[in-house]
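Secondary and tertiary structure notes
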Amino acid sequence: MELASSDKAVMALIGLAAAIFVIYRIYIWLQNSPRSFIKDKLPLNTVILPHPSIDLLEEAGYEVIGGKLKIPLAFTVDGSSMYSRLFIDYVASKEEDSFYLVILSRPRKTLEFTGSSLRDTLLPYLLIYPECSGVLYVNTVTSAIHEIRLGKDDGEST
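**Some details on the nonpolar core**
Core analysis: the largest hydrophobic core is formed by 18 residues, its most contacted members being Ile-88, Val-91, Leu-101, Leu-122, Tyr-125 and Val-135. At the level of elements, strand E2 (69-77), strand E3 (80-88), strand E5 (99-104), helix H4 (115-128) and strand E6 (134-139) are the ones that each hand at least two residues to this core. Ranked by size, the runner-up nonpolar core spans 12 residues in total, among them Ile-54, Tyr-62, Ala-92 and Val-138.

In structure tokens:
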């Protein structure tokens, strides 16, 4: 049985539409990979300045994928504008689907490991970038890395 030329044209259009759909779905799938997700949600600074903490992070299994970031903040209070900034020292990744904001300790601004201090210091970072896996606080004096994740209290903790 021989197909008419109009049947061949319809079959060709159906095949072309199916090929376009498959290529489009592959493109969407590639765009949703974790690395592209990070690039879309978190501006990565490709300039990574050398620091001893980078070696410390790499020894612990982290890969530093971004350098220092400055996050500008603007507030309006009773019609007056006020400005501030948050700083992220590095962005690191341990696994393909996780990334961490890295904060280095400062001599004049130490982090106390209490609930209220962690909340006051780190909550802004975790709220601005909720898709991050947590914050790595690197104590540059003791060469210790603290992985801090945000969780919700169910009210049953003591």
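After that view, the rundown keeps rolling.
**Brief notes about the packing of aromatic side chains**
Two descriptors summarise a pair of aromatic rings, namely the distance from one centre to the other and the angle between the planes of the rings. Inspection of every chain in the model, using the stated rule, returns 2 aromatic pairs. Centre to centre, the rings of Tyr-62 and Tyr-100 are 5.6 Å apart; their planes meet at 85°, and the pair counts as edge-to-face. Placement of the pair is Tyr-62 in the loop between helix H3 (52-59) and strand E1 (63-66) and Tyr-100 in strand E5, with a sequence separation of 38 residues. For the residue pair Tyr-62 and Tyr-100, the accessibility class agrees, reading buried in each case.

**What about the pairing of E5?**
Counting buried positions along E5 yields 6 of 6 residues, so the element is predominantly enclosed. Burial of E5 is two-sided: the residues Phe-99, Leu-101 and Ile-103 facing one way and the residues Tyr-100, Val-102 and Leu-104 facing the other way are all buried. Bridge count for strand E4 (residues 90-93) against E5 is 4 bridges, and the pairing is antiparallel. Looking at E5, one finds that Tyr-90 is bridged to Val-102. Of the strand pairs in this sheet, E5 and E6 are connected by 5 bridges, and their pairing is parallel. Pairing of Tyr-100 across the sheet is with Gly-134, part of E6. Since E5 and E6 lie parallel, the crossover through H4 that links them has a hand, and here it is right-handed.

Definitions and limits used
- Residues numbered from 1 in each chain as written.
- Predicted model: local features only at pLDDT ≥ 70, side-chain atom pairs only at ≥ 80, totals over all residues.
- Heavy atoms only, no water.
- Core = buried A, V, L, I, M, F, W, Y, C linked by side-chain atoms within 4.5 Å.
- Buried < 20%, exposed > 50% of the residue type's maximum accessible area, 1.4 Å probe, protein only.
- Helix = DSSP H or I, 4+ residues; strand = E, 2+ residues; numbered from the N terminus.
- Phe/Tyr/Trp six-rings, centres within 6.5 Å; stacked < 30°, edge-to-face > 60°.
- Pairing = 2+ DSSP bridges.
- Right-handed = clockwise from strand over helix to strand, strands pointing away.

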